[in-house]
Amino acid sequence: MTDKLPWDSITTPSAGYSWLRTDLSDNHRFWWGKSQNGWPVLLFELGGDYREVFQKRRPKVRGLDIDIVSLTDNARQGLIISLTRPPDADIFYRLCLSIVWAASETDAEGQAVLAVLNHLDRWRDFLSNARKQLLSPDEIRGLFAELTTIRSLVQDYSLPREDVIAAWQGPLRKPQDFEFPQVAIEVKAFGGERGNTVQISSEHQLQVANIPLYLIAVELFDGGSDAAKASLNSLVKEVQELLLESAARTFRDRLAIAGYVELPEYDVIEFVTGRLEVYHVTDEFPAIRASGLRSGISRVRYELDLGLARQFLVPKISVWNVSS
């Protein structure tokens, strides 16, 4: 399901702009707008004159038109940010929210203007660096496996979408990729050139704590000519369509934290998903754990051969009592 964006309820004007006041900031006046050509717009209504500041700091962000304009009575100004690529409206919406929140952190209007300009500069740098610092092949596989698990938890286990996304901790660098109140889940990709081995990146990932711990191993093969193949970009879209509005917003935030931005490069690498294996990680499960290390040893990385852990395979995560 796609989020309803604020511009969806604004009529395209025959000339100029149509406006809808936001309720996102108590300190400053922001407006959603739509131009006569249908472009989504954000307006920061200003009481002071910031033309000189703006000309010195004017940010240039690809896909955005940013300017200081006089409002209808010429007594007030507005910092106007227009999207010039309407298909990116959902991404623009996230940027607008972050701009409003950045401005709302200060009461002084001049400081709020600087906060908005600084945020636009950071956004420009982020988009620029995203192309220079693409996710590595291992990071792509790992994220693909986590998204596959999200899909399985929603479709196969019928878990509430909001709960699944809230539990998704992989991008936040937590010990396990999913932390539910009743169970923790670590996700790994295997298959292809890797065979039955998975990479364990710390001594904490398979550390059993006070709730049951499961390892979900997602088998991934190179897509080749298989009709069932999927890219990272296509899987992101598929998962997002499963989510309701609030969960979809959190989902996009976690993707950004993980370093993912939809780029053509992520259409090139494609996978076919094979088995999704579930292992119950007990104290006897073959693993290196923090509790078993001598003082001073940390940041342990190792390979786990799943073939040696077959006795811990289970049909499903039993805590949710879902039949196989």
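The structure this text deals with has already been given above.
Reading the values: the criteria
Per-chain numbering applies: the sequence of each chain, read as written, is numbered from 1 onward. A pLDDT threshold of at least 70 governs which residues receive local features in this predicted model, and a stricter bar of 80 or more applies before side-chain atom pairs are shown or counted, although totals over entire chains, interfaces and linings include all residues. Hydrogens and waters are ignored; side-chain quantities use all the structure's heavy atoms. Strands are runs of DSSP state E lasting at least 2 residues, helices are runs of H or I lasting at least 4, and numbering of each runs from the N terminus. Categorising residues by exposure relies on relative accessible area from a 1.4 Å probe, with only protein chains included: less than 20% of the type maximum marks a residue as buried, more than 50% marks it as exposed, and the intermediate range marks it as partly exposed. Here the axes come from fitting lines to C-alpha atoms, over the contacting stretch only for helices, and the angles between their N-to-C directions go from 0 to 180 degrees. By the definition adopted for this analysis, an angle is roughly parallel if under 35 degrees, roughly antiparallel if over 145, roughly perpendicular if from 65 to 115, and oblique otherwise. With the far helix as reference, a near helix turned anticlockwise by less than a right angle produces a left-handed crossing, and one turned clockwise produces a right-handed crossing. We call two residues in contact whenever any of their non-hydrogen atoms come within 4.5 Å of each other. Think of it as three bins: nonpolar holds Ala, Val, Leu, Ile, Met, Phe, Trp, Tyr, Cys and Pro, charged holds Asp, Glu, Lys and Arg, and polar takes everything else, Gly as well. By nonpolar core is meant a set of buried Ala, Val, Leu, Ile, Met, Phe, Trp, Tyr and Cys residues that side-chain atoms within 4.5 Å join together. We call Phe, Tyr and Trp rings a pair once their centres come within 6.5 Å, taking the six-membered ring for Trp, and we label the pair stacked below 30 degrees between planes, edge-to-face above 60, and tilted otherwise. Consider the ring centre and the ring normal. A charge sits over the ring if Lys NZ or Arg CZ is within 6 Å of that centre and within 35 degrees of that normal. Expected helix span is given by 1.5 Å per residue-to-residue step, counting one fewer step than there are residues.

(A) Here's a closer look at the environment of Q182. Tracing the backbone shows Q182 in the loop between β6 (178-179) and β7 (184-190). Given a relative accessible area of 33%, Q182 falls into the partly exposed group. Through-space distance from the C-alpha of Q182 to that of S201 is 24 Å; in sequence the pair is 19 residues apart.

(B) Spotlight on the packing of helix α4 (residues 137-155) against helix α6 (residues 232-242). In the contact formed by α4 and α6, the axes pass within 10 Å of each other and the chain directions differ by 25°. Our classification of the angle between α4 and α6 gives roughly parallel. Judged by the twist between their axes, the crossing of α4 over α6 is left-handed. Only L232, L235, V236, E238, V239 and L242 of α6 make contact with α4, whose side of the interface consists of I140, L143, F144, L147, T148, I150, R151 and Q155. Class assignment for the residues of the contact of α4 with α6 results in 10 nonpolar, 2 polar and 2 charged.

(C) Geometry of the nonpolar core. Counting 43 residues, the largest nonpolar core has L147, F180, L232 and F251 as its most contacted members. If you list the elements that add at least two residues to this core, you get α4, α5 (161-167), β7, β9 (213-222), α6, α7 (245-257) and β11 (270-281). Top element by residues in this core is α4. It accounts for 8 residues. Here F251 is in contact with L147, I150, I165, W168, V236, V239, Q240 and L243, once residues within four sequence places are set aside.

(D) Fine view of the packing of aromatic side chains. Counted according to the given criterion, the structure contains 14 aromatic pairs. Linked through ring pairs, W7, W32, F92 and Y93 together constitute an aromatic cluster. Its end group placed over the ring of W31, R21 keeps NZ or CZ at 5.9 Å from the ring centre. The ring of Y157 has K316 sitting right over it, with the charged end atom 5.0 Å from the ring centre.

(E) Representation of helix α2 (residues 89-104) within the structure. For α2, spanning 16 residues, the distance from its first C-alpha to its last is 22 Å, which sits close to the expected 22 Å at 1.5 Å a residue. Within α2, 12 of the 16 residues are buried, leaving the element largely enclosed by the surrounding structure. Regarding α2, the residues found buried are A89, F92, Y93, R94, L95, C96, L97, S98, I99, V100, A102 and A103.

(F) Quick look at the packing of α6 against α7. Taken N-terminus to C-terminus, the directions of α6 and α7 make an angle of 155°; their axes are 9 Å apart at the nearest point. The orientation of α6 relative to α7 falls into the category roughly antiparallel. Handedness of the α6/α7 crossing: right-handed. Residue-level contacts link V236, V239 and Q240 of α6 to A248, F251, R252 and L255 of α7.

(G) How the structure looks around the environment of D163. Examined against the element boundaries, D163 turns out to sit in helix α5. In this structure D163 comes out as partly exposed when scored by relative accessible area, which is 43%. As a C-alpha pair, D163 and I99 span 64 residues in sequence and 27 Å in three-dimensional space.

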